Amino acid sequence: MPDDGPANETVEFRPCHPDQEPARSLIAAMVGELRELYGIGDGGRLGVALEPAELAPPGGVYLVGWQDGRPVAGGGLRTIGAGMGEIKRMYVVPGQRGRGTARLLLGALEGRARALGMTAVRLDTGHRQPHARHLYETSGYAAVENYNGNGHAAFWGEKAL
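Note that this is a predicted model, so its numbers are computed, not measured.

The rules we used
- Residues numbered from 1 in each chain as written.
- Predicted model: local features only at pLDDT ≥ 70, side-chain atom pairs only at ≥ 80, totals over all residues.
- Heavy atoms only, no water.
- Helix = DSSP H or I, 4+ residues; strand = E, 2+ residues; numbered from the N terminus.
- Contact = heavy atoms within 4.5 Å.
- Buried < 20%, exposed > 50% of the residue type's maximum accessible area, 1.4 Å probe, protein only.
- Arc of directions from axis to C-beta.
- Polar contact = N/O pair within 3.5 Å; in protein donor to acceptor, adjacent residues only side chain to side chain.
- Core = buried A, V, L, I, M, F, W, Y, C linked by side-chain atoms within 4.5 Å.
- Phe/Tyr/Trp six-rings, centres within 6.5 Å; stacked < 30°, edge-to-face > 60°.
- Lys NZ or Arg CZ within 6 Å of the ring centre and 35° of its normal.
- Pairing = 2+ DSSP bridges.
- Axes fitted to C-alpha atoms, helices over the stretch in contact; angles between N-to-C directions.
- Parallel < 35°, antiparallel > 145°, perpendicular 65-115°, else oblique.
- Left-handed = near helix turned anticlockwise from the far one by under 90°.
- Nonpolar A, V, L, I, M, F, W, Y, C, P; charged D, E, K, R; others polar.

Engineer: I tried to follow the environment of Tyr-38 on my own but got confused; where do I start?
Structural biologist: Along the chain, Tyr-38 turns up in helix α1 (residues 23–38). Considered as a pair, Tyr-38 and Ala-56 are 18 residues apart in the sequence and their alpha carbons are 27 Å apart. Apart from residues no more than four positions distant in its own chain, Tyr-38 is found in contact with Gly-126, His-127, Arg-128, Gln-129 and His-152.

Engineer: Quick question: what am I supposed to make of helix α3 (residues 130–138) here?
Structural biologist: Within α3, burial applies to Ala-132, Leu-135 and Tyr-136. Take α3 and look down its axis: the buried residues cluster within an arc of 95°, on one side only. Buried residues along α3 sit against β4 (84–92), α2 (101–115), β5 (120–126) and β7 (153–160). At the exit of α3 stands Gly-140, carrying a positive phi of roughly 100°.

Engineer: Would you take a moment to explain the side chain of Gln-96 for this structure?
Structural biologist: Among the secondary structure elements, Gln-96 is positioned in the loop between β4 and α2. A residue is classified by how much of its surface remains accessible, and Gln-96, at 1% relative accessible area, is buried. Looking at Gln-96, its side chain comes within polar contact range of the side chain of Arg-99, at 3.4 Å.

Engineer: Just checking my understanding: could you explain the nonpolar core for this structure?
Structural biologist: Where a protein is soluble and globular, its nonpolar side chains tend to be buried together. Leu-77, Ile-87, Met-90, Leu-106 and Tyr-136 are the most contacted members of the largest nonpolar core, which has 37 residues in total. Those elements giving two or more residues to this core turn out to be α1, β2 (61–67), β3 (70–81), β4, α2, β5 and α3. Top element by residues in this core is α1. It accounts for six residues.

Engineer: Help me understand the packing of aromatic side chains in this model?
Structural biologist: Two numbers describe a pair of aromatic rings. These are the distance of the centres and the angle of the planes. Applying the stated rule across the entire model yields one aromatic pair. Taken together, a centroid distance of 6.1 Å and an interplanar angle of 65° make the contact between Tyr-136 and Tyr-141 edge-to-face. Residue classification places Tyr-136 among the buried residues on the basis of a relative accessible area of 5%. We classify Tyr-141 as buried; its relative accessible area is 3%. Here Arg-122 stacks its cationic end above the ring of Tyr-147, 5.0 Å away from the centre of that ring.

Engineer: Could you clarify how one ought to interpret the sheet that holds β2 in this entry?
Structural biologist: Hydrogen bonds between backbone atoms are what pair the strands of a sheet, whose relative direction is either parallel or antiparallel. Overall, mixed pairing links the seven strands, which are arranged β1-β2-β3-β4-β5-β7-β6 in an open sheet. Of all the strands in the sheet, just β1 (12–15) and β6 (142–143) have a single pairing partner and so form its edges. Sheet topology places β4 next to β5; three bridges connect them, and they run parallel. In the sheet register, Met-84 faces β5, and the bridge partner there is Ala-120. Along the sheet, α1 makes contact with β2, β3, β4 and β5, crossing β4 at roughly 80°. Across the sheet, α3 lies against β4, β5 and β7, angled at about 160° from β5, the strand it touches most.

Engineer: Which parts of the structure should I look at to understand the packing of α2 against α3?
Structural biologist: Each pair of packed helices can be described by the angle between their axes along with the distance between the axes. Where α2 meets α3, the axes come as close as 11 Å, and the angle between the chain directions of the two elements is 50°. Considered as vectors, α2 and α3 are oriented oblique to each other. The way α2 lies across α3 gives a crossing that is right-handed. Contacts from Ala-102, Arg-103 and Leu-106 in α2 reach Leu-135, Tyr-136 and Thr-138 in α3. The residue inventory of the contact of α2 with α3, partitioned by class, reads four nonpolar, one polar and one charged.

Here it is in structure tokens:
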């Protein structure tokens, strides 16, 4: 989950296919944490349906943040329309939170969106994640209408790149 603390350590972001390690484990940890946070059983749907291939080239990417040889964060980007991307599956491992890693990850994903020719990105977050909403709003995301039908979201944001 995103954090908003000061960045005091170097994190290197590299692409990784979401079906490969360590991306697969980071996504599984994020899903597990959100299922618990929102009380969603294994059979229940979490957010918006998303195929791993959507977070892979040519129209997307999944970035893994590395620090001291270990994965500490991950997040994805997918194309949802002409010039429009969506940031999905942002996650920071618990021991790394509060260090600004989520803000660095968000910036890296925005950079990849620009490189893919996107002119804006969207995202969403739920009511039990006020820290994520704070991060997004302080990073320039303006509230927009529900664009993706995510029943667990309480904030939908968009940022021009």
